[in-house]
Amino acid sequence: MIKVLAAWLLGLMVVVAAAIATVVVVNTHIFNPEEQVHDYLEALSDGDGERALGLLNASVPEANAAMLNGAPLQQSMAAVEGVAVGDAVEVGDGRVEATITYTVRGAAHSSTFSLERTGTEWLFFNTWEFVPSVLPTLELSVINQVEATLNGTRVGMPEGRNQFAVFYPGDFEAHYTSEYFAAPAQTVAVTDRSGGQRIALATAATDALVEAVDGQIRRFLDECAAQTVFQPANCPFNFQTENRVAGDIRWSITEYPTVSIEPFNGSWVMAPLSGNAELSTSLQDLFTGSIEPVTVPREFGFTARLSVGDDEIAVTPVVQY
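Let me sum up the structure you'll find in this document. (Residues numbered from 1 in each chain as written. Predicted model: local features only at pLDDT ≥ 70, side-chain atom pairs only at ≥ 80, totals over all residues. Heavy atoms only, no water.)

1. Quick word on helix α5 (residues 207-225)
Heads up, the condition is: Elements are defined by DSSP. Helices are runs of H or I of four residues or more, strands are runs of E of two residues or more, and each kind is numbered from the N terminus. Residue count minus one, scaled by 1.5 Å, sets the expected span of a helix. Each residue gets one of three labels from its accessible area relative to the maximum for its type: buried under 20%, exposed over 50%, partly exposed in between, using a 1.4 Å probe on protein chains only.
Between the first and last C-alpha of α5 there are 26 Å, a value that for 19 residues agrees with the 27 Å anticipated at 1.5 Å per step. Buried within α5 we find L209, V213, G215, I217, F220, L221, C224 and A225.

Written out as structure tokens, the structure is:
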């Protein structure tokens, strides 16, 4: 009888030890804070913003939410590579911190998440949740435009600025592209909840716009050069003499202006234009009566107003005498 009881107690102890070991293993490998981080990262990669927001236990700030779900969210994780979730470290009061390491476009980064133990399931298994937080924001600006493209999504930019709520970690790429104006792509990595990251898009005139404006400026000057008078009407060059004209008057443009278009005070302006013309004619000296051919170079300068619409480019030369 004693032997039977001893065997039973030994068996019970083995079962209890096995149960305890099972609880420890399950808590270590399944019901652990690191698993919550894995689940959160998986939700980001899937573009499941609703699930990611719930797991992170975060609230959304007063900002544009275009980056929080679907394709833009998936793209934010596309360049986040080599993710490794480190072991959680206890920081007191039932809380731990779990740090992940990764690279974004070849640069090394890390993000740290705070989690807290919230209870147990089935009496033995720990439950963990992220410590409540607020999502970070990304500020985007673009010169002289009211829209841009952020992570492949066209977004509104009232007065050239907007603020977007984002998850982290994440990679964000913005650009602006149109026929006449463009800003090259800029990227930034958001790695923690402090946010405050900025992307500033420097919009500039495209080659297509410069060529179109240059063509109008050249046509204007060619029309001026076609006038067979010393003072072409509404044109930036002229010639004055006290001698008598004794031959045809011919103007030619020897150097056309270089067109430069820059942003200014919410619009687009052209830098002052300068070039060179040449006059060819014959003049008769009023005292001697002699007639001589002359070729006279003339420097000139003027400004022009620029208006760019969806279907029309208007260049208005402004000539001051």
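2. Some remarks on the sheet that holds strand β10 (residues 153-156)
The following threshold applies: The rule for pairing is simple: two strands pair if DSSP sees at least two bridges between them.
Strand order in the open sheet made by the five strands is β10-β9-β12-β13-β15, with antiparallel pairing throughout. Each edge of the sheet is formed by a strand with only one pairing partner; in this case those strands are β10 and β15 (204-205). Bridge count between strand β9 (residues 147-150) and strand β12 (residues 170-177): two bridges; the pairing is antiparallel. Within the sheet, the bridge partner assigned to L150 lies in β12 and is A174.

3. As for the nonpolar core
What counts here: In plain words, nonpolar cores are sets of buried Ala, Val, Leu, Ile, Met, Phe, Trp, Tyr and Cys residues tied together by side-chain atoms within 4.5 Å. Contacts are assigned to residue pairs that have any heavy atoms within 4.5 Å of one another.
With 77 residues, the main nonpolar core has Y40, L140, V213, I217 and M270 as its most contacted residues. For this core, the element with the highest residue contribution is α5, accounting for seven residues. Setting aside residues no more than four positions away along its own chain, Y40 makes contact with A52, L55, L56, F113, F130, F167 and Y168.

4. Considering the packing of helix α2 (residues 33-46) against helix α3 (residues 49-56)
Selection rule: Axis geometry follows a simple rule: fit a line to the C-alpha atoms, using only the stretch in contact for helices, then measure angles between N-to-C directions, giving values from 0 to 180 degrees. In what follows, roughly perpendicular refers to angles from 65 to 115 degrees, roughly parallel to angles under 35, roughly antiparallel to angles over 145, and oblique to any angle outside these ranges. Helix crossings fall into two classes, left-handed where the near helix is turned counterclockwise from the far one by less than a right angle and right-handed where it is turned clockwise.
Running from amino to carboxyl end, α2 crosses α3 at an angle of 155 degrees, the nearest separation of the two axes being 8 Å. Judged by the inter-axis angle, α2 sits roughly antiparallel to α3. Every pair of crossing elements has a handedness; the one defined by α2 and α3 is left-handed. Side by side, α2 and α3 meet where Q36, D39, Y40, E42, A43 and L44 of the first sit next to R51, A52, L55 and L56 of the second.

5. Observations regarding α2
Three or four residues apart is the spacing at which side chains of an α-helix point the same way, because the helix has 3.6 residues per turn. Defined as follows: The definition of a polar contact used here is a pair of N or O atoms within 3.5 Å, where within protein one atom must be able to donate a hydrogen and the other to accept one, and adjacent residues in sequence count solely through side-chain atom pairs.
When the terminal C-alpha atoms of α2 are compared, their 20 Å separation across 14 residues agrees well with the 20 Å that a helix rising 1.5 Å per residue should span. Capping the start of α2 is the job of one residue whose side-chain oxygen sits 3.3 Å from the backbone nitrogen of E34: N32. Count one or two residues on from α2 and you reach G47, which has phi positive near 75 degrees.

6. What about the packing of aromatic side chains?
Each pair of aromatic rings is reported with the distance of its centres and the angle of its planes. Which entries qualify depends on this criterion: Pairing of aromatic rings covers Phe, Tyr and Trp, the last counted by its six-membered ring, and requires centre-to-centre distances within 6.5 Å; plane angles under 30 degrees mean stacked, over 60 mean edge-to-face, and any other angle means tilted. For a Lys NZ or an Arg CZ to count as sitting over a ring, it must be within 6 Å of the ring centre and within 35 degrees of the ring normal.
All told, the structure shown has 11 aromatic pairs when counted by the stated rule. Ring geometry for F181 versus W268: centroids 4.4 Å apart, planes at 20 degrees, classification stacked. A residue pair is termed long-range when its members are at least 10 positions apart, and F181 in strand β13 (residues 181-190) and W268 in strand β19 (residues 267-270) qualify at 87 residues. A single burial state applies to F181 and to W268, both of which are buried. Above the plane of the ring of Y256 lies R218, whose end atom (NZ or CZ) is 4.2 Å from the centre.

7. Things to note about the sheet that holds strand β8 (residues 137-142)
Taken together, the three strands give an open sheet; going across it, the order is β11-β8-β14, and neighbouring strands pair in mixed fashion. In this open sheet, the two strands that pair with only one neighbour each are β11 (161-165) and β14 (197-201). Pairwise comparison of adjacent strand axes, ignoring direction, gives a mean angle of 20 degrees for this sheet. Pairing analysis gives five bridges linking β8 to β11, with the strands arranged antiparallel. Counted as the bridge partner of L138 is F164 from β11.

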